[in-house]
Amino acid sequence: MILEERADSPGGEDSARLQVAGNDSEGCDLVTEPQHGHLQYRRARVHQLIDKELRMRTGAENLYRATTNSQVRETVALELSYVNASLQLLKEELEELDVGCVDAPQLEGDGISIPMIPLGLKETKELDWSTPLKELISSHFGEDGASYEAELKELEAQRQAIRMPSRDQAGLELLLAYYQQLCFLEARFCSPAHSLRLLFHWYDSITGIPAQQRSLAFEKGSVLFNIGALCTQIGARQDRSCAQGARRAMEAFQQAAGAFSLLQENFSHAPSLDMSPASLQVLQRLMAAQAQECIFEGLSLPAPAAPHDGPTQLHLAQEAAQVAAEYDLVHQALADPPAQDCVPRSWVALVQTKAQYFRALAHFHMAVALCDSPASSTGQVVGPPWTVQLQPEECRRRGKAHLRRAILAQEEALRLHGLCPVPRQVDLLQAVVARALRRSLAKYSELDHEDDFFEVAEVPDVQPKTLQKPQVQAPSISQVDAFDIFHRLGPLSVFSAKNRWRLVGPVHVTRGDGGFGFTLRGDAPVLIAAVVPGGQAAAAGLKEGDYVVSLNGQPCRWWKHAEVVAQLQSVGDEGVQLGVVTVLPGSEPPSMMDRRLGGLQRSQKECAHTKPAPHWASPRPLLGWSRKTKGSKATGGPQPHPSSGTTTRAPDPCVPPLTL
């Protein structure tokens, strides 16, 4: 993340110290052993700095929660933002050391790409799932909570893994799988009458200010935010000097915009600023602008197969102007008062720098189109943006004017960038803009004749136009296989906290002249759709609407209709022992429950929104953090993988009932 640099930051001193290590090894290989010791020393130093920053954050957080003085709170919030920035940089450095990327990037050549703005992940504290879930399993589901120790350990392992995911596709799949698991947990254990009573604690990604809430919705929203943030980091890490890398970066930023859009549409009244509507709107615009930048970079690359079939200089000028226009929109969004309070000032400077840089590129490519086109020497330059034929001298004069505007814009970009230094050892952005400025000056000197006494012409801005507009893509949550950890409790259509049931049986049913006297329907669990009056099932106490959960002592909650029928048909005259559950009145219909699997536990109308209290005032949950009910798109809750045998559907009406 590109944030403000602290004057007392230990980065410079520690970076100098990190350069001296690994040279005093004796009796080892002169090349490999010193390098290995150097990396180990750097990792140890980074871990020490991370521990130091974590201790500082803990102290500042305690003071932030304890004080009621507004001035002290403002000072502590500023310190938390500094600590958060330092932690993000240290974690990035540690990630680079783990993958072996310890060399400084080279600044020579044309393969340098202008840096992107990645977003840091929200951090969280450890959470104990076992106590509340065991109590709920024992009290509501009527089973021994201690027998689910393996499932609880797996859930805790999943949450621990998403706290520091790798910045690649594997880390993204971890977050997606955990998000699906949260949907399963919400569908099974959450209801208006039941709460997990867990306090979820997350830190603001941008400011580092802590926020907490007793709502699983806050956990889901924070994980979805991290999905978008990780997509930004994946996009920023791509090598955009090749077409494939530029395409992957564009797709990553589009997915990030989709995650933030999904978060904004389905969640409201977040307890942290980074998840507020104003912040999410800014992040969507920023990701769309960076995706448009990747499109331009892909078009700027030379075509290896047919170099002359690529885009013309005029098209490149219009594409660069489109990128500049996108960053202008981002800058306007950053200037709004709500966004000013939740984004670092370095973002504003970087967005302005990029807008000027791409505006300069648009004028540069337009100048090349005017002066270096083969038709310009014969006076045949026609078409948009020119409506008449231009003579070679006029092409040169206009090209010179565009170059002059490019130089002015590049100088302005360097000035804006200098106002807010980037805390990096190598400032790639300054190097890219400075290189572009040298190229423009060289081109301008070629067109500047000694006997040129004409005043430089005034040319308008290049009109933005693009052949490919970025598309907001929601993260592919359903494409990641996720298995309901607590599937042993039974299908979610019946066995959830939203329903109440009574276990009946085992009931002994014998076969009569007309069979067992009941009709079965549906899958997992199989439903007793009808009971024949006066039959064997009615005499045993079975009722219409009961679900079959065991057959001769064997659990069959997940059995399909055909499997239960086959077992019953194989029973002899001795009869069968059936275990059934009766759903009590007041339970939620299965069809309604299925529609909520991908959403939150309550709507805004059910919560009766009021202005939420500050998150530090009380550990009680903020009821304003819920799913939007109007204008929101369906999130498409997770569907279990077919191979898992897990389903959340109500009894399928397409399965024909069978009377036994």
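Shown above is the structure to which this text applies.
Given the structure is predicted, the values throughout are model-derived calculations rather than measurements.

## Let's talk about the overall build of the protein chain
Step number 1: Broken down by element type, the protein chain carries 18 helices and 11 strands.
Step number 2: Looking at the protein chain as a whole, 50% of its 660 residues are labelled buried.
Step number 3: Partitioning the contacts of the protein chain with sequence separation of at least 6, the portion at a separation of at least 24 is 78%.
Step number 4: In the form shown here, the protein chain has an accessible surface area of approximately 30,800 Å², with 53% of it arising from carbon and sulfur atoms.

## Here we look at helix H16 (residues 561–569)
Step number 1: Looking only at H16, the buried set comprises His-561, Val-564, Val-565 and Leu-568. Buried positions in H16, seen along its axis, are confined to an arc of 100° and lie on one side of it.

## Some points on the pairing of strand E7 (residues 526–531)
Step number 1: In the sheet, strand E6 (residues 518–521) pairs with E7 via 4 bridges, with the strands oriented antiparallel. Residue pairing across strands places Leu-520 opposite Ile-528, the latter belonging to E7.
Step number 2: In sequence, E6 turns back onto E7 through a hairpin of 4 residues, with Gly-522 there showing a positive phi of about 85°.
Step number 3: Note that E7 and strand E8 (residues 547–551) share 2 bridges and pair antiparallel. Bridge assignment links Leu-527 to a residue of E8, and that residue is Tyr-547.

## Some thoughts on the packing of helix H12 (residues 345–371) against helix H14 (residues 428–447)
The relative placement of two packed helices is expressed as an angle between their axes plus a distance between the axes.
Step number 1: Orientation of H12 relative to H14, taken along the N-to-C sense of each, is 25°, at an axis distance of 11 Å. Judged by the inter-axis angle, H12 sits roughly parallel to H14. Here H12 and H14 pass one another in a crossing that is left-handed. Two secondary-structure elements touch here, H12 through Leu-350, Thr-353, Tyr-357, Leu-361, Phe-364 and Cys-371 and H14 through Leu-429, Val-432, Val-433, Ala-436, Arg-439, Ser-440, Lys-443 and Leu-447.
Step number 2: Here the contact of H12 with H14 is built from residues that sort into 10 nonpolar, 2 polar and 2 charged.

Criteria and cut-off values
Residues numbered from 1 in each chain as written. Predicted model: local features only at pLDDT ≥ 70, side-chain atom pairs only at ≥ 80, totals over all residues. Heavy atoms only, no water. Helix = DSSP H or I, 4+ residues; strand = E, 2+ residues; numbered from the N terminus. Buried < 20%, exposed > 50% of the residue type's maximum accessible area, 1.4 Å probe, protein only. Contact = heavy atoms within 4.5 Å. Areas by Shrake-Rupley, 256 points an atom, 1.4 Å probe, with all protein chains shown as cover. Arc of directions from axis to C-beta. Pairing = 2+ DSSP bridges. Axes fitted to C-alpha atoms, helices over the stretch in contact; angles between N-to-C directions. Parallel < 35°, antiparallel > 145°, perpendicular 65-115°, else oblique. Left-handed = near helix turned anticlockwise from the far one by under 90°. Nonpolar A, V, L, I, M, F, W, Y, C, P; charged D, E, K, R; others polar.

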